[in-house]
Amino acid sequence: MENQTKPSAKVVLVGLLFPVIFIVALDYSLNGSIPNFGIEELNPRIANSALTAFILFSTFLLGNMFFYGESRNRPLAPIFSMGIAVMVGILATIFFINQGPMLLEGNGSVRAQLVYNIAHTIVSIIALSVSGLVTLGMMFSAITNSPSKIDNFNFAAEEE
Amino acid sequence: MDEVLKAAVFFWLPFALVPFGVWVAQIKSAKITDKLGYLVAVVGGILVLASPWTVPESPSSAVGQLIGFIVGPVILILFGLFNIAYSGNVPVGRLSTRDRYFGLLSFILGIIWLSLMHWWELTPVVDGGEINPYWLVFLPNLLLSLTCLAMAGGLAMIAFGDSRTNESKYLFSASALSFTFIICAMNFDSPKLEAISFREYVWLSIADLIGILIGAVLAILSFALVIFIYEKSIPSPESIDAPNAEELAHVSEVITQNIGGDE
C-alpha cells in the first residue's frame, strides 16, 4: 500500500486563495503601485459587485424556492420571504448608489450604474462558470485517461 | 423608440428569457413546459447575440458582442475536453482514439484562439475602435479564476482521491499556464492594450471576485435562513399507529415480489 501524507481540506482552501495573493505580491514587487489607481477605485467595485451578486444569486435562489414550495404542497410563504430578500438587495443598492459619487464608477446616473453593475456581474459570472467547466473537464479527462485503478485479476477472483 | 426602451426590449428582455426558459423547462408538473422552456431560452440567446445589430447604440449590447466573440473558442475548448474525457476509461458510450486526438486538437485550438484575442488583432472592439469594455472584465476574471480553481482542483484530487498525484499534474500545469499568461500580460503590452491598463483590470477583477463571493455567501445565508424559519414553523407530523397484521402481510407480499431474481 502507498503510504503518503495527503493534504487536508484546509490546504485545498489555501490553494484557492494562494494564486491571488501571489499575483498581487508579485505584481507589487515587480512594478510597484499603479499611478492614479488605489483603494478609491477598488472599494466601489467590491461594494457594487457584492450588492449585485446578492441580487442575482437571491433571484436565482428565489427560482429554486419555487421548487422547494412545490415539494411542500406549494406554500407561498418561503417564496415571499425570498422575494423580500431580493427587494432588500435592490433597495440597498439604490440607497447606496444614491449617496453621491461613492459607488458611481464613472456612470452619470443611478440607473446607468445599476445596469452597468448587472452587465458587469453577469460577465464575471460567465467567466467564473467557464473556468469552472474547464477545470472540471480537465479533472475528468485526467481521471478517465489514466490507467484503471481496478485490479482486474483481483476483481475476477472476487466475483468467483 | 426611446433608447432605454429599445435596450430593454431588444437586450434585457431576451437576456432575462434565457434563465427564465431554463427555469420553466425544469418544471415537472406539465410536459409541454419542457420544450417550450428550452425554445424560449434559445430564442432569448439568439436575440442577445443579435443585440450589436438590433441596439448598437446601447452600451449593454457590448455584452452580446462579447458573448458572440467568446462562444467559438469556449465551445472548442469544452467540446475538446468532452471528447478527451469520453475516450478514456468510461463504462458506457466510450469514444474512439481518433476522437481523443480530435478533442485534443479542438482544446488546443480553442486555447490558442482565446490567447490570440489578447496577444493579436482578434481582440473584440466596439464601434470607434475601442476594446469591448466587458472583454476587459471577462479575460482577467477567467484567467484569475482558472488559476485558482485549477490549483484547488489539483490539490483536491490529491487530498480526496486515491493515488491521483500523476493526474493532478495536468491541473497544476493549467494553473501555472494561466498564471504565466496573467503575469506576461501585466508586464508586456499587447497590440491593443498596454500592460499597465491590464494591471488595473486584474486588480479590479480581484475586487470583483471578492465582491461576488461576499454577495453569493450573503444570498445563500438568507436562503438557508428562510428555509430554516419556515421548516421551524411547520408543526411536527402526528404519530401513527403501528401496522396491524393485515398491513404487515401486504408489506411482506410486496417485498417478496420485489426481491430475488430470475433463476
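If you tally the helices and strands in chain B, you get nine helices and zero strands. Along its sequence from the N terminus, chain B presents helices and strands in the succession α-α-α-α-α-α-α-α-α. Dimensions of chain B along its principal axes, counting C-alpha atoms only, are 85 × 55 × 35 Å. In chain B, which comprises 263 residues, the share counted as buried stands at 40%. A total accessible area of about 15,100 Å² is found for chain B, and carbon and sulfur atoms account for 69% of it. Within chain B, the 22 negative side-chain charges are centred at a point lying 10 Å from the centre of the 12 positive side-chain charges.

With that settled, consider the overall build of chain A. Scanning chain A from N- to C-terminus turns up five helices and zero strands. Along the chain direction, N to C, the helices and strands of chain A fall in the order α-α-α-α-α. Burial statistics for chain A: of 160 residues in total, 35% are counted as buried. When contacts within chain A are restricted to residue pairs at least 6 apart in sequence, long-range pairs at least 24 apart make up 54% of them.

This brings us to the packing of helix H4 (residues 110-144) of chain A against helix H6 (residues 135-160) of chain B. In helix packing, the relevant descriptors are the interaxial angle and the interaxial distance, both defined with respect to the helix axes. One way to put it is that H4(A) packs onto H6(B) with a least axis distance of 8 Å and a crossing angle of 35 degrees. In this structure, H4(A) meets H6(B) at a crossing whose hand is right-handed. Tallied by class, residues from the contact of H4(A) with H6(B) come to 16 nonpolar, eight polar and no charged.

All names here are of chain B. One can find Leu-139 in helix H6. On a C-alpha basis, the gap between Leu-139 and Leu-66 in space is 11 Å, while along the polypeptide they are 73 residues apart. Leu-139 has contacts with His-118, Phe-181 and Phe-198, leaving out every residue within four places of it along the chain.

Bringing the interface of chain B and chain A into the picture now. The partner chain A presents 84 residues to the 85 residues of chain B that form the contact. Across the chain B to chain A interface the summed buried area is about 7,200 Å²; carbon plus sulfur atoms make up 77%. Applying the counting criterion to the chain B and chain A interface returns two salt bridges. For Arg45(A), the salt bridge goes to Asp208(B), with nearest N and O atoms at 2.7 Å.

Helix length check: helix H2 (residues 32-49) of chain B (18 residues) gives 26 Å between terminal C-alpha atoms against 26 Å at 1.5 Å per residue, within 8%. As for H2(B), its buried residues are in contact with helix H1 (3-25), helix H3 (51-54) and helix H4 (61-86) of chain B.

Attention now goes to the packing of aromatic side chains. This structure, assessed with the given rule, holds 10 aromatic pairs over all chains. Ring centres 4.9 Å apart and planes at 90 degrees place the aromatic pair Phe11(B) and Trp12(B) in the edge-to-face group. Judged by relative accessible area, Phe11(B) falls into the buried class, the value being 0%. Every member of this aromatic cluster is reached through a ring pair, and the members are Phe18(A), Phe22(A) and Phe179(B).

Counting through the fold element by element, Thr144(A) comes out in helix H4. In this structure Thr144(A) comes out as buried when scored by relative accessible area, which is 11%. In terms of polar contacts, Thr144(A) uses its side chain to reach the backbone carbonyl oxygen of Ser141(A), at 3.4 Å. When residues no more than four places from it in sequence are discounted, the contact partners of Thr144(A) are Ile84(B), Ala85(B), Gly88(B), Asn89(B) and Val90(B).

Looking at the element boundaries, Phe67(A) is found in helix H2 (residues 39-71). The exposure class assigned to Phe67(A) is partly exposed, which follows from its relative accessible area of 23%. What Phe67(A) contacts, discounting residues up to four positions off in sequence, is Trp23(B), Gln26(B) and Ile27(B).

Trp135(B), Phe138(B), Leu144(B), Phe198(B) and Val202(B) are the most contacted members of the largest nonpolar core, which has 58 residues in total. Of the residues that make up this core, three or more belong to each of domain 1 (1-58) and domain 2 (64-225) of chain B. Setting aside anything within four residues of it in sequence, one finds Trp135(B) in contact with Leu66(B), Ile70(B), Leu114(B), Met117(B), His118(B), Thr123(B), Pro124(B) and Pro140(B). In this structure, Leu61(A), Met65(A), Tyr68(A) and Ala85(A) belong to the second largest nonpolar core, which totals 10 residues.

Another point: the domain arrangement of chain B. Residues and elements named next belong to chain B. The domains assigned to chain B are domain 1 (1-58) and domain 2 (64-225). Contacts between the two partners involve six residues from domain 1, matched on the other side by four residues from domain 2. Counting across the interface, domain 1 meets domain 2 through zero residue pairs in polar contact (both at pLDDT 80 or more). When its residues are assigned to classes, the side of domain 1 that touches domain 2 shows five nonpolar, one polar and no charged.

Residues and elements named next belong to chain B. For Asn-258, the position within the fold is in helix H9 (residues 245-258). For Asn-258, a relative accessible area of 61% gives the class exposed. At a separation of 2.7 Å, a polar atom in the side chain of Asn-258 contacts the main-chain carbonyl oxygen of Val-254.

Cut-offs applied
- Residues numbered from 1 in each chain as written.
- Chains lettered and ligands numbered in written order.
- Predicted model: local features only at pLDDT ≥ 70, side-chain atom pairs only at ≥ 80, totals over all residues.
- Heavy atoms only, no water.
- Helix = DSSP H or I, 4+ residues; strand = E, 2+ residues; numbered from the N terminus.
- Buried < 20%, exposed > 50% of the residue type's maximum accessible area, 1.4 Å probe, protein only.
- Areas by Shrake-Rupley, 256 points an atom, 1.4 Å probe, with all protein chains shown as cover.
- Lys, Arg positive; Asp, Glu negative; His and termini not counted.
- Charge placed at Lys NZ, Arg CZ, Asp CG, Glu CD.
- Contact = heavy atoms within 4.5 Å.
- Axes fitted to C-alpha atoms, helices over the stretch in contact; angles between N-to-C directions.
- Left-handed = near helix turned anticlockwise from the far one by under 90°.
- Nonpolar A, V, L, I, M, F, W, Y, C, P; charged D, E, K, R; others polar.
- Buried area = accessible area lost by both parts, 1.4 Å probe.
- Salt bridge = Lys/Arg side-chain N within 4 Å of Asp/Glu carboxyl O.
- Expected span 1.5 Å × (residues − 1).
- Phe/Tyr/Trp six-rings, centres within 6.5 Å; stacked < 30°, edge-to-face > 60°.
- Polar contact = N/O pair within 3.5 Å; in protein donor to acceptor, adjacent residues only side chain to side chain.
- Core = buried A, V, L, I, M, F, W, Y, C linked by side-chain atoms within 4.5 Å.
- Domains from an automatic or database assignment.

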